Amino acid sequence: LLNLAGLSIGLVSCLLIVLYISHELSYDGFHSNKERVFRINYDVMMGEKQVLSPSVPVFVAPQLKNQFPEIEEATRFSSEWRPRTIRHDDIMFDEPGFCYADPNFFKVMDFKAVQGDLSTALSRPNTLVITEKMAQKYFGNASPLGERLNFNNKKDFEITAVVDVPDNSHFSFNFLTSHYSLDDFAATENNVEWNNPNYTTWLLLRPGADPATLAAKIEKWVNPEADPDQNTLHLPLESLTAVH
C-alpha cells in the first residue's frame, strides 16, 4: 500500500508538472505569425544605472516602419494604470484592463473574434473592442455591437467587436480602443523624445526577413556614430514567444 501510494502520488505530481510547464510554454503560440513578431525593448544607461523596459517612445513605431522595408507592420499597445469607471445605463463599475492599441493591432496579433470584424474594429476613434466577460457583464445575452459604454463619465465608446483572449496570452485587457481616441495622440506621435518610453511596440517582419540583420540596422539608426563607448541607448528585439 505504501509503495502504491508513493507511486500514485509521484505519477500525479509528474503529470501536473508536465501540464503546468506545457501551459507556460504555450503562451502566445496561437498567433499564426508568431515566428515573425518581435517586441522592441528599451535599453538605456542613466549614469551608471542600466534601465531596461519593454516599452519605447511613441515615435519609434512609425519611424521604423518608414525606414526599413523588411517591416510589414508596426503596432503599439499601452495600458491605463488605474481602474476606470465604465458605465452602461444603470450598470457602473470601476474596471481594470482599459487599454489602447493602434488600428492595425489585430493584423499583427491573432485573437479570435466572437462578434464583429477585428480587422476594422479600431479603424475609427472612440470605437471599442471588449472581451466576452465584459459583454456578459454589461449586456447579458444581448449583442453589444453598436452599443455604447461611457468612460469616466466623459466619453462614449461604440462597441465594434467582442474578442476571446485566451488564458495563454500575455496580453491582458478587458477593453481596447484606438490610440487615436486620445485627443492629443496624433500631435504627440511625431515628437522625437527618447525619454518617454510608454508604448509597447511590436514589429511584424516580412516573410524571409532576418531579425538579426534588422536589429543591426536599428542599432545603426539609433546610434549612427561608430564609437560604442558613446552609445547609451539600444533597442534590442525580442521574439513574441519569448516574452512570457
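Data block above holds the structure.
In short, a report on the structure. Note that the structure is predicted; figures quoted are calculated from it, not measured.

The rules behind these values
- Counting of residues starts from 1 at the beginning of each chain's written sequence and follows it residue by residue.
- Restriction of local features to residues with pLDDT of at least 70 applies here, the model being predicted, together with a cutoff of 80 or more for giving and counting side-chain atom pairs; totals for whole chains, interfaces and linings are based on all residues.
- Excluding hydrogens and water, the side-chain figures rest on all heavy atoms present in the structure.
- Following DSSP output, two strands are said to pair if at least two bridges run between them.
- To qualify as a helix, a DSSP run of H or I must reach at least 4 residues; to qualify as a strand, a run of E must reach at least 2; elements of each kind are numbered from the N terminus.
- Between buried and exposed lies partly exposed: a residue is buried under 20% and exposed over 50% of the maximum accessible area for its type, with that area taken using a 1.4 Å probe on protein chains only.
- The arc in question is formed by the directions pointing from the helix axis toward the C-beta atoms.
- Two residues form a contact once any of their heavy atoms are found within 4.5 Å.
- Each pair of aromatic rings taken from Phe, Tyr and Trp, with Trp reduced to its six-membered ring, is defined by centres within 6.5 Å and is described as stacked if the planes are under 30 degrees apart, edge-to-face if over 60, and tilted in the remaining cases.
- Grouping buried Ala, Val, Leu, Ile, Met, Phe, Trp, Tyr and Cys residues that are joined through side-chain atoms within 4.5 Å yields what is termed a nonpolar core.

## Things to note about the pairing of strand β3 (residues 49-53)
Moving on, step 1. Alignment of strand β2 (residues 42-46) against β3, held across 5 bridges, turns out to be antiparallel. In the sheet register, Y42 faces β3, and the bridge partner there is S53.
Moving on, step 2. A loop of 2 residues connects β2 with β3, the two strands running antiparallel in sequence, and G47 in this loop sits at a positive phi of about 70 degrees.

## Regarding helix α2 (residues 60-67)
Moving on, step 1. Residues V60, A61 and L64 constitute the buried set of α2. The arc that holds every buried residue of α2, seen down its axis, measures 95 degrees, which confines them to one face.
Moving on, step 2. In the core, the buried residues of α2 are packed alongside β1 (37-40), β4 (71-79), β13 (200-205) and α6 (211-222).

## Structural notes on the packing of aromatic side chains
Moving on, step 1. Under the definition given, this model contains 22 aromatic pairs.
Moving on, step 2. With 4.4 Å between their ring centres and 20 degrees between their planes, F98 and F151 make a pair best called stacked. Of this pair, F98 sits in strand β7 (residues 98-101) while F151 is found in strand β10 (residues 148-151), placing the two residues 53 residues apart along the sequence. Assigned by exposure class, F98 and F151 land together as buried.
Moving on, step 3. Each residue in the set F30, F77, F105, F106, F111, F171, F173 and W202 is aromatic and connected to the rest through ring pairs, giving one cluster.

## A look at the nonpolar core
Moving on, step 1. Counting 22 residues, the largest nonpolar core has F105, F106, M109, F111, V129 and L176 as the members making the most contacts within it.
Moving on, step 2. Mapped onto this core, the elements with two or more residues apiece are β7, α3 (105-108), β11 (155-164), β13 and α7 (240-243).
Moving on, step 3. At 3 residues, α3 tops the list of elements feeding residues into this core.
Moving on, step 4. Setting aside anything within four residues of it in sequence, one finds F106 in contact with F111, L118, L122, V129, V163 and L176.
Moving on, step 5. Listed in part, the 19 residues of the second largest apolar core include F59, L64, L214 and L233.

## Details of the environment of G47
Moving on, step 1. As for its position among the elements, G47 is in the loop between β2 and β3.
Moving on, step 2. What makes G47 exposed here is its relative accessible area of 69%.
Moving on, step 3. C-alpha of G47 to C-alpha of T232: the two residues are 185 residues apart in sequence and 9.4 Å apart in space.

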